[in-house]
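Working through the structure, step by step
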Amino acid sequence: MMCPYAYQTSLWIREVRARTGLEISWRFFSLEEINRADGKKHPWEREWSYGWSLMRVGALLRRRGMEHLDAWYGTVGRALHVDGQKPHRPDVARELLATMGLDPGLVDAAIADPTTSDEVLAEHRRVTQAGGFGVPTLFFPDGQCLFGPVLIDPPAGESAERLWDAVGPSSRTCTRSSGPSPGPMPSRSRRPSGPTCRRATGSVSTGAR
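Residues numbered from 1 in each chain as written. Predicted model: local features only at pLDDT ≥ 70, side-chain atom pairs only at ≥ 80, totals over all residues. Heavy atoms only, no water.

1. Concerning the overall build of the protein chain
Looking only at helices and strands, the protein chain features eight helices and four strands. Along the protein chain, from the amino end to the carboxyl end, the secondary structure elements read α-β-α-α-α-α-α-α-β-β-α-β. If you take every contact in the protein chain between residues at least 6 apart in sequence, the share linking residues at least 24 apart comes to 71%. Here the protein chain displays about 9,600 Å² of accessible surface, and carbon together with sulfur accounts for 48% of that area. (Helix = DSSP H or I, 4+ residues; strand = E, 2+ residues; numbered from the N terminus. Contact = heavy atoms within 4.5 Å. Areas by Shrake-Rupley, 256 points an atom, 1.4 Å probe, with all protein chains shown as cover.)

Rendered as structure tokens:
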């Protein structure tokens, strides 16, 4: 949620969804933990922790339906990366929930529920155990994952679909680490080391800080 590049990629994958009907299953990954300095507390050891706490709110919302996490990620990302707000502050997070028509008290409920932290940690470890190291990370139904594409200016329309065709499940093999960019926007993709690549179809999961 807090990574600007993952947010740009989320705009692209939403555009792909709008054009193709792709199913997106949002999952969690913490750059806060990956970049933690030795001797510092893990994010789950703090009462409130930057992106980790926002993901805990997202985990609680997802239990009501993936569409609620989808809306939360979009709202938080837009507030931070477009509007310059500070959604990592509890009071701002509550205000954002209210703008979504949801109970602001869900922020406090998520933090009071230790299983939301367990849920975020389990999904974070799923990525690292697969060889992942950052966001965005895409998971395909056969278990394969892809780091990227890292986007600065996400493509729209047919260009968005062409990028999906380049990195998505329709024709990728384990020998391809990145696809052609369908326009003048920088992108970077890499398959983390792990199980042998296989053909995949269907939904995709993406990690978010």
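2. A few points about unusual backbone geometry
Between V135 and the following residue, P136, the backbone shows a cis peptide bond with an omega angle of 0°. Along the chain, P136 falls in the loop between helix 7 (114–129) and strand 2 (137–139). For the bond running from G148 to P149, omega is -5°, close enough to zero to count as cis.

3. As for the nonpolar core
Membership of the largest hydrophobic core comes to 50 residues, with the highest contact counts inside it found for M1, W12, W72, L97 and W164. Sort the elements by how many residues they give to this core and helix 3 (residues 50–62) lands first, with seven residues. (Core = buried A, V, L, I, M, F, W, Y, C linked by side-chain atoms within 4.5 Å. Buried < 20%, exposed > 50% of the residue type's maximum accessible area, 1.4 Å probe, protein only.)

4. Considerations on the pattern of salt bridges
Enumeration over the complete set of coordinates arrives at eleven salt bridges. Here R63 makes a salt bridge to D113, at a shortest N to O gap of 3.1 Å. Within this pair, whereas R63 is found in the loop between helix 3 and helix 4 (66–81), its partner D113 is found in the loop between helix 6 (106–112) and helix 7, the two being separated by 50 residues in sequence. Using a relative accessible area of 41% as the deciding quantity, one classes R63 as partly exposed. Residues joined in a network through salt bridges with shared partners are R62, R63, D113, E119 and E123. (Salt bridge = Lys/Arg side-chain N within 4 Å of Asp/Glu carboxyl O.)

5. Quick word on helix 4
Helix length check: helix 4 (16 residues) gives 22 Å between terminal C-alpha atoms against 22 Å at 1.5 Å per residue, within 8%. Burial in helix 4 covers these residues: L69, D70, W72, Y73, G74, T75, V76, G77, A79 and L80. (Expected span 1.5 Å × (residues − 1).)

6. Looking at the packing of helix 1 (residues 4–20) against helix 8 (residues 157–167)
Two numbers describe how helix 1 lies on helix 8: the axes approach to 9 Å, and their chain directions differ by 100°. For the element pair helix 1 / helix 8, the angle class is roughly perpendicular. For the pair helix 1 and helix 8, the contacting residues are W12, I13, E15, V16, R19 and T20 in the first and G157, E158, A160, E161, L163, W164 and V167 in the second. (Axes fitted to C-alpha atoms, helices over the stretch in contact; angles between N-to-C directions. Parallel < 35°, antiparallel > 145°, perpendicular 65-115°, else oblique.)

7. Digging into the environment of G134
Its place among the elements puts G134 in the loop between helix 7 and strand 2. Separated by 103 residues in the primary sequence, G134 and L31 have C-alpha atoms spaced 6.6 Å apart. Excluding residues that lie within four positions of it along the chain, G134 makes contacts with F29, L31 and F147.

8. Here's the deal with the environment of F29
Here F29 lies in the loop between strand 1 (24–28) and helix 2 (31–34). The buried category is assigned to F29, whose relative accessible area is 0%.

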